[in-house]
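Here is how the chains run, residue by residue.
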Amino acid sequence: MNYINKIKNNEVLDVVTKANKITKKNHSNTVTLERAILISWWCEKGDCSFCYMATEKKRINDPKKAKRKVYGILAEVELCTRLGWNIEFLSAGYNSFSTEEIKNISKKIYEITKKGTWLNVGISNELKEYGEEIIGITGSVEVANLELHTSICPSKPLEDISNMLNVAKDLGFKKAITIILGLGESLEDINYLIKYIKEHDIDRIIFYSLNPHKGTKFGESSPPSSLYYSWVVSTIRINFPKIEIICGTWIDNLANIGILILSGANGITKFPLFKMFGTKYGKRTEEEIKWTGKELQGTFTDKSKLGKEKSEYDPNYDKYIKRYIKESLNDKY
Ligand code: SF4
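Notes on the structure in this doc start here.

## Notes on the overall build of the protein chain
Here's step 1: Counting its regular elements, the protein chain contains 13 helices and 9 strands.
Here's step 2: At 19 Å, the protein chain has a C-alpha radius of gyration in line with the 20 Å of a compact globule built from 333 residues.
Here's step 3: Projected onto the principal axes, the alpha-carbon positions of the protein chain cover approximately 60 × 40 × 40 Å.
Here's step 4: A burial count over the protein chain gives 42% of its 333 residues as buried.
Here's step 5: Long-range pairs, those at least 24 residues apart, make up 75% of the contacts in the protein chain with a sequence separation of at least 6.

Written as structure tokens, this is what we have:
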């Protein structure tokens with residue numbers, strides 16, 4: 001397929017329409033809200049050129065101080081579950097938590113969500129340590145172009161990510177990849193991405209659009225256009241009718257949501273949950289989904305779902321649950 005000519009001929013909407021038909025045939029009518037649970041603000045690598053951890057200002061240099069309190073992490077999971085949100089994955093920089101610690105946190109999450117957790121905690125040689133508390137492993141491919149990947153993420157070679165995904169498959173875990181659009185990839189790189197998904201039998205793909213962080217190489221870049229983003233997502237949906245697609249969009253780009261869902265997204269992510277909850281931005285997110293004709297799993301607005309300030313699982317979570325509920329009810333915007 002000559003993708004460039006298709007885009008030049010304004011056929012993006014045709015591709016979106018085709019993708020939507022395929023999604024309807026192969027997936028439920030529900031759209032999920034996905035919450036990535038960040039467990040540490042430190043990364044041993046700290047050199048991916050788009051990442052806020054690559055800026056001195058934002059990075060917390062003491063790994064111990066950067067680790068979140070486990071009770072706080074679990075309280076966040078409990079609150080997400082009350083609101084009907086999925087846990088997208090546990091996310092951490094390299095070597096911030098040990099495998100044993102991640103396993104223990106995931107076991108506790110399992111008690112709350114009754115589901116295995118996805119991990120996005122870097123390249124690991126210790127996947128065999130995990131059991132039913134983990135459903136899948138995420139490889140941060142980030143950019144669908146080997147040359148660009150090498151220069152943008154110098155310390156996490158694609159080869160090592162690919163090997164980890166192969167091991168994950170052998171061990172019976174699901175496999176996901178993350179892709180950020182707007183890092184300098186070209187339209188032809190979609191072919192590389194399609195090949196990569198096939199070769200590694202990827203079950204889930206999570207797209208983000210570039211969020212230009214000040215102080216990074218991409219600080220002055222513009223995020224990709226909504227139609228380009230939707231073209232990429234639609235093309236992946238058309239090529240992989242069954243794959244699960246999650247799309248990240250930022251609070252300043254909420255208008256992307258509708259078209260991304262019509263392009264094949266099963267879930268949306270990358271929101272500041274407690275800040276946006278119950279605000280006009282939360283309402284707008286729900287409106288975007290409503291106008292696609294799909295149903296939202298969970299809520300961004302129903303305050304009654306926040307529930308009590310006490311945990312149903314462990315009193316040690318209480319003070320964090322109280323804090324998160326307060327944050328959700330505060331008038332932030
Ligand atoms: S490995 Fe992840 S957390 Fe670490 S610098 Fe790269 S993108 Fe950021």
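## A look at the nonpolar core
Here's step 1: In this structure, Leu-90, Ile-179, Ile-205, Phe-207, Val-233 and Leu-260 are the most contacted members of the largest nonpolar core, which totals 89 residues.
Here's step 2: At 7 residues, helix α4 (residues 70-83) tops the list of elements feeding residues into this core.
Here's step 3: Residues contacting Leu-90, with those up to four places away along its chain left out, are Ile-37, Ile-39, Ile-102, Ile-105, Ser-106, Thr-117, Leu-119, Asn-120 and Val-121.

## What to know about the site of the ligand
Here's step 1: Near the ligand the following residues occur: Cys-43, Lys-45, Gly-46, Asp-47, Cys-48, Cys-51, Met-53, Ala-54, Gly-93, Tyr-94, Cys-153 and Lys-156.
Here's step 2: By residue class, the composition of the shell around the ligand is 7 nonpolar, 2 polar and 3 charged.

## Brief notes about α4
Here's step 1: Across its 14 residues, α4 extends 20 Å between first and last C-alpha, which sits within 8% of the 20 Å expected from 1.5 Å per residue.
Here's step 2: When you tally the buried positions in α4, you get 10 out of 14 residues, the bulk of the element.
Here's step 3: On its buried face, α4 sits against β1 (30-38), β2 (86-91), α5 (99-113) and α13 (318-329).
Here's step 4: Just downstream of α4, Gly-84 is the residue with a positive phi angle, here 85°.

## Here's the deal with unusual backbone geometry
Here's step 1: Despite not being glycine, Asn-95 shows a phi value in the positive range, around 55°.
Here's step 2: Phi is positive for Asp-201, close to 50°, though the residue is something other than glycine.
Here's step 3: Here Asp-201 is to be found in the loop between α8 (189-199) and β6 (204-209).
Here's step 4: Residue class for Asp-201 comes out exposed when judged on the 12 C-beta atoms lying within 10 Å of it.

## Examining the environment of Asp-62
Here's step 1: Within the fold, Asp-62 resides in the loop between β1 and α3 (63-66).
Here's step 2: On the basis of neighbour count, Asp-62 is assigned to the exposed category, with 9 C-beta atoms found within 10 Å.
Here's step 3: Residues Asp-62 and Ile-325, 263 residues apart in the sequence, show an inter-C-alpha distance of 29 Å.

## Digging into the pairing of strand β5 (residues 174-181)
Here's step 1: Burial analysis of β5 places 7 of its 8 residues in the buried class, the great majority of the element.
Here's step 2: Taken together, the 5 bridges between strand β4 (residues 134-142) and β5 define a ladder with parallel strand orientation. The residue of β5 that forms the bridge with Ile-137 is Lys-175.
Here's step 3: Looking at chain direction, β5 and β6 are connected through 6 bridges and run parallel. Within β6, the position partnered with Ala-176 by the bridge is Arg-204.
Here's step 4: Each parallel crossover has a hand, and for β5 linked through α8 to β6 it is right-handed.

Analysis parameters
Residues numbered from 1 in each chain as written. Predicted model: local features only at pLDDT ≥ 70, side-chain atom pairs only at ≥ 80, totals over all residues. Helix = DSSP H or I, 4+ residues; strand = E, 2+ residues; numbered from the N terminus. Rg over C-alpha atoms; globule rule 2.2 N^0.38 Å. Buried ≥ 20, exposed ≤ 12 C-beta atoms within 10 Å, placed from the backbone. Contact = placed C-beta atoms within 7 Å. Core = buried A, V, L, I, M, F, W, Y, C linked by C-beta atoms within 7 Å. Near = placed C-beta within 6 Å. Nonpolar A, V, L, I, M, F, W, Y, C, P; charged D, E, K, R; others polar. Expected span 1.5 Å × (residues − 1). Pairing = 2+ DSSP bridges. Right-handed = clockwise from strand over helix to strand, strands pointing away.

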